[in-house]
Amino acid sequence: MRYDLLPEEQAAGLVLSIFADVRARMPFVPAIFKALARDPAALEPAWLQARALYDDPRAAEAATRLAELARPGVAYRPSHAVRQAAAPFAADLPSLLLVVTSLGLSLDGVHPLRERPAPSLPDPAPLPPTPVPELRDEHPLYATIRSVYGTEHVPSLYKALAADGVLEEAWAGIGPFFGTPEGARLVAGLEAAAEREARSFPEYAFFAAEAARSVLAQFRVALPRNLVFAMGATAS
């Protein structure tokens, strides 16, 4: 599968219906679903599995536990503008980390596949404008972020901070943490905790799109780091 993100405004047909279902639960379409949207046959089971988790109160409790583990030990205190720009991501990333980890478990065969539920998707219709802006053009820090993460993409969190003109501040305050032993331990511990939590939901296993493995791998790397960064960027 080629790796690029489908903007919300370009979605049509089944993809638009799925994006509308996503937007019914959060203010923006996470990048994982935009990346999978190039292959609707991969996107649909991924969203059905994610939706089952989003709608399960037990998963919300698991996400809360992940958020509590993700706070970086940095002296940085973000400005109000940084906290405001990062707030939607701090709210959603714990659940999204659980979702992507769950997708990996089903793709790897750890959780045997189950029969998919009925999609019950809304009819395709134009999406309302997202309240989360993104700077899609290249920013001077994007290459650094890709290098630190070891991924091909720049997460939406950083594009939103760049759009609001506060990426430099936030990255200077938190970015170096990822190069420290403490940062490596926190990310590794968060990855392990997410897998423990995701293993508690074997009944949600609908995703087996082998062609999407490389795309999913990018997000399995990025999401623990995104969550650590978002928690640091919203600290009071």
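Data block above holds the structure.
Every chain is numbered independently, its residues counted from 1 as its sequence is written. Local features in this predicted model are restricted to residues whose pLDDT is 70 or higher, and side-chain atom pairs enter the listing and the counts only when it is 80 or higher, whereas totals over whole chains, interfaces and linings include all residues. Here the side-chain values reflect all heavy atoms present in the structure, with hydrogen atoms and water set aside.

Visitor: Describe helix H3 (residues 40-54), naming the residues involved and giving the relevant values.
Guide: Every helix listed is a DSSP run of H or I at least four residues long, and every strand listed is a run of E at least two residues long, numbered separately from the N terminus. In this analysis, the expected span of each helix is defined as 1.5 Å times one less than the number of residues it contains. Compared with an ideal rise of 1.5 Å per residue, which puts 15 residues at 21 Å, H3 spans 20 Å between its outermost C-alpha atoms and is within 8% of the ideal. Burial analysis of H3 places 13 of its 15 residues in the buried class, the great majority of the element. Each residue is assigned to one of three classes by its accessible area relative to the maximum for its type, calculated with a 1.4 Å probe on protein chains only: buried under 20%, partly exposed between the two thresholds, exposed over 50%.

Visitor: If you had to explain the nonpolar core to someone new, which residues and values would you point to?
Guide: Ranked by internal contacts, the top residues of the largest apolar core, which has 89 residues, are Phe-19, Phe-33, Tyr-158, Leu-161, Leu-167, Phe-207 and Phe-229. Top element by residues in this core is helix H5 (residues 80-107). It accounts for 14 residues. In what follows, residue pairs with any heavy atoms lying within 4.5 Å of each other are defined as contacts. The residues contacting Leu-161, other than those within four sequence positions of it, are Val-82, Ala-85, Ala-86, Val-166, Leu-167, Ala-170 and Phe-229. As used here, the term nonpolar core means buried Ala, Val, Leu, Ile, Met, Phe, Trp, Tyr and Cys residues forming a set that is joined through side-chain atoms within 4.5 Å.

Visitor: Summarise the packing of aromatic side chains; cite the residues concerned and give the values.
Guide: Two aromatic rings, drawn from Phe, Tyr or Trp (for Trp, its six-membered ring), form a pair once their centres lie within 6.5 Å of each other, and the interplanar angle then sorts them: stacked below 30 degrees, edge-to-face above 60, tilted otherwise. Scanning the entire structure with this criterion turns up 10 aromatic pairs. Their ring planes at 45° and their centres at 5.0 Å tell us that Phe-28 and Phe-89 sit as a pair that is tilted. Placement of the pair is Phe-28 in the loop between helix H1 (13-23) and helix H2 (31-36) and Phe-89 in helix H5, with a sequence separation of 61 residues. Seen from their ring centres, Phe-33 and Trp-47 are 5.4 Å apart, and the 85° between their planes marks the pair as edge-to-face. Here Phe-33 is found in helix H2, whereas its partner Trp-47 is found in helix H3, with 14 residues between them in sequence. A single burial state applies to Phe-33 and to Trp-47, both of which are buried. Ring pairs connect the aromatic residues Tyr-149, Tyr-158, Trp-171, Phe-178 and Phe-229, which therefore count as one cluster.

Visitor: Report on the packing of H3 against H5, specifying residues and quantitative values.
Guide: It is at 10 Å that the axes of H3 and H5 come closest, and there the two elements cross at 130°. The angle between H3 and H5 falls in the class oblique. Handedness of the H3/H5 crossing: right-handed. Packed against H3, whose contacting residues are Ala-46, Gln-49, Ala-50, Leu-53 and Tyr-54, the element H5 presents Asp-92, Ser-95, Leu-96, Leu-98, Val-99, Ser-102, Leu-103 and Ser-106 at the interface. Residues that form the contact of H3 with H5 fall into these classes: 8 nonpolar, 4 polar and 1 charged. Interaxial angle, 0 to 180 degrees, is taken between N-to-C directions of lines fitted to C-alpha atoms, where a helix line uses only the stretch in contact. To sort the angles, those under 35 degrees are grouped as roughly parallel, those over 145 as roughly antiparallel, those from 65 to 115 as roughly perpendicular, and the leftovers as oblique. Definitions for this section: a left-handed crossing has its near helix turned counterclockwise from the far helix by less than a right angle. A right-handed crossing has that turn clockwise. Nonpolar residues are Ala, Val, Leu, Ile, Met, Phe, Trp, Tyr, Cys and Pro. Charged residues are Asp, Glu, Lys and Arg, and all others, Gly as well, are polar.

Visitor: Before we move on, could you go through the environment of Pro-78 and cite the residues and values that matter?
Guide: Within the element layout of this structure, Pro-78 appears in the loop between helix H4 (57-69) and H5. The buried category is assigned to Pro-78, whose relative accessible area is 5%. Separated by 96 residues in the primary sequence, Pro-78 and Ile-174 place their C-alpha atoms 9.5 Å from one another. Beyond its immediate sequence surroundings of up to four residues, Pro-78 is in contact with Arg-83, Glu-169, Gly-232, Ala-233, Thr-234 and Ala-235.

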